[in-house]
Amino acid sequence: MALFAPEAVFIPHDGVSPHIGRPAIHDFWFPTKGGAGKVTAFTMTVEGLGGDAHNAIVWGKSDLHWQNDKAAYHWPGYYLMSAEQRHGRWLVTHLVSSDEQPTSKPIASR
């Protein structure tokens, strides 16, 4: 969460409403009711980068794997991120995520 500017905007996939500010982004990713599962792997690769010494645009692929007690899910997609240099640190100001439909495999009962 420290990578996000205090007023950052996160726009998830599929028309979900934007989450504005660190608290709203935190609540989206870490709900108080507890997570519905756990992340088993996550990567973001950079496909393109542009900008200057103060502002940057980054885009690339994202790849999320998570599971709950019933299934393991794979969510590939793309992202577009803007960042701004403030006080010697780069902070994410905007993040847009575009995911494909996830695939899933049942988890064997124990």
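Before reading further, recall that the structure is shown in the block above.
The shown structure was predicted, so the numbers you read here are calculated from the model rather than taken from an experiment.

What follows is about the overall build of the protein. Within the protein, the secondary structure is distributed over one helix and seven strands. A buried classification covers 26% of the 110 residues belonging to the protein. Total accessible area computed for the protein in this model is approximately 7,600 Å², and 60% of it derives from carbon and sulfur atoms. Averaging the positions of the 9 positive and the 10 negative side-chain charges in the protein gives two centres separated by 10 Å.

This paragraph deals with the nonpolar core. Counting residues in each nonpolar core, the largest one holds nine residues, listed as Phe4, Ala8, Phe10, Ile25, Val58, Tyr79, Met81, Val92 and Leu95. Looking at which element gives the most residues to this core, the answer is strand β1 (residues 4–11), with three residues.

A separate point is the environment of Lys33. Inspection of the secondary structure assignment puts Lys33 in the loop between α1 (22–29) and β3 (38–51). Taking the C-alpha atoms as reference points, Lys33 and Val96, separated by 63 residues in sequence, lie 25 Å from one another.

Turning next to the pairing of β3. Direction of pairing for β3 relative to strand β4 (residues 55–67): antiparallel, over a ladder of 12 bridges. Within β4, the position partnered with Val39 by the bridge is Trp66. Counted along the chain from β3 to the antiparallel partner β4, the turn is three residues long.

It is worth spelling out the pattern of salt bridges at this point. Throughout the structure, instances matching the rule amount to two salt bridges. Residue Arg86 is joined to Glu7 by a salt bridge in which the shortest nitrogen-to-oxygen separation is 2.5 Å. Taken together, the positions of Arg86 in strand β5 (residues 71–86) and Glu7 in strand β1 put the pair 79 residues apart, joining distant regions of the chain. Arg86 gets classed as partly exposed once you look at its relative accessible area, which sits at 21%. In this structure, Glu84 engages Arg86 in a salt bridge whose closest nitrogen and oxygen atoms are separated by 2.8 Å. Each of Glu7, Glu84 and Arg86 takes part in one network of salt bridges that share partners.

Criteria and cut-off values
In every chain, residue numbers begin from 1 and rise along the written sequence. Local features in this predicted model are restricted to residues of pLDDT 70 or higher, and side-chain atom pairs are both shown and tallied only at a pLDDT of 80 or more, whereas totals for entire chains, interfaces and linings draw on every residue. For the side-chain quantities, the full set of heavy atoms in the structure was used; hydrogens and water were omitted. By definition, any uninterrupted DSSP run of H or I lasting at least four residues is a helix, any uninterrupted run of E lasting at least two residues is a strand, and each is numbered from the N terminus. When accessible area is computed with a 1.4 Å probe and restricted to protein chains, residues below 20% of their type maximum are described as buried, those above 50% as exposed, and intermediate ones as partly exposed. Method for areas: the Shrake-Rupley scheme with a 1.4 Å probe, in which residue coverage is limited to the protein chains shown. A residue counts as positive if it is Lys or Arg and as negative if it is Asp or Glu; His and the chain ends are not included. For this purpose, a charge sits on NZ of Lys, CZ of Arg, CG of Asp or CD of Glu. Among buried residues, those of type Ala, Val, Leu, Ile, Met, Phe, Trp, Tyr and Cys that are joined through side-chain atoms within 4.5 Å constitute a nonpolar core. Pairing between strands is defined by DSSP: at least two bridges between them are needed. One side-chain nitrogen of Lys or Arg within 4 Å of one carboxyl oxygen of Asp or Glu is enough to make a salt bridge.

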